[in-house]
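# Secondary and tertiary structure notes
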Amino acid sequence: LLGAGRRRVENALHVRRRGVLVSFIAERETGAARQRLLRLLDDVEAGADGGDIVEFNILHAVKAAFIYNFLKFVEWPAGRVEETNSPLVIGVVGETPITGALEDMVRSRTITGRTFVVKAVETPEDARAAHLLFFCASEDKRLDELLPALAGSGVLTVGESAAFAKQGGMLNFVPQEDQLRFE
């Protein structure tokens, strides 16, 4: 998995940019998201204009890959996933480029036969309808509104800020030394 440090994986892509090491497992050799990421990495290595934008996009693609892989290992509470053919809903709180990265990551992929839907989340009802809910750091002001509304709902919450972790978020992305990790 990405930067998890648990085991060495041969079929992985490693990138070091401005002191941050990001790694991800290339699950599909010809996957569109992987090809797009490789083109971005080529731009970075060539010193193309917009290097900061490319770096930003790479980090969102890496977070999207983490989220996809998190979903592979979730055992949902009884009754949380209704029909066997219903899509898994990834909710995103806030306007963030990770939405596009998530859409690219899950396009044409399934987990146990289920497809994915990526949706913007505005209300507590929207949040409870998701299976996984991502909070971008710019939306910390909404944590008090949305996290308590999810109590007992079986929604997996993922964030990227210290406030998210302090208020009870489940998985939080943190840059640590030269890697992107989660806590």
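Keep in mind that this is a model prediction, so the values were computed, not measured. (Residues numbered from 1 in each chain as written. Predicted model: local features only at pLDDT ≥ 70, side-chain atom pairs only at ≥ 80, totals over all residues. Heavy atoms only, no water.)

### Details of helix α3 (residues 98-106)
Burial in α3 covers these residues: Ile98, Ala101, Leu102, Met105 and Val106. Looking straight down α3, one finds its buried side chains confined to an arc of 115°; they lie on one side. The positive-phi residue at the C-terminal boundary of α3 is Ser108, with phi of around 65°. (Buried < 20%, exposed > 50% of the residue type's maximum accessible area, 1.4 Å probe, protein only. Helix = DSSP H or I, 4+ residues; strand = E, 2+ residues; numbered from the N terminus. Arc of directions from axis to C-beta.)

### A few points about the packing of aromatic side chains
Under the criterion given, the structure shown has eight aromatic pairs. Between Phe134 and Phe173, the aromatic rings sit 6.5 Å apart at their centres with planes inclined by 50°, giving tilted as the arrangement. With Phe134 in strand β5 (residues 132-135) and Phe173 in strand β7 (residues 171-176), this residue pair connects regions lying 39 residues apart in the sequence. The class for Phe134 is buried, based on a relative accessible area of 0%. The buried category is assigned to Phe173, whose relative accessible area is 3%. In textbook terms, an aromatic cluster arises when at least three aromatic residues are bridged by ring pairs, as seen for Phe66, Phe70, Phe134, Phe173 and Phe182. A cation over an aromatic ring shows up here: Arg109 above the ring of Tyr68, its NZ or CZ 4.9 Å from the ring centre. (Phe/Tyr/Trp six-rings, centres within 6.5 Å; stacked < 30°, edge-to-face > 60°. Lys NZ or Arg CZ within 6 Å of the ring centre and 35° of its normal.)

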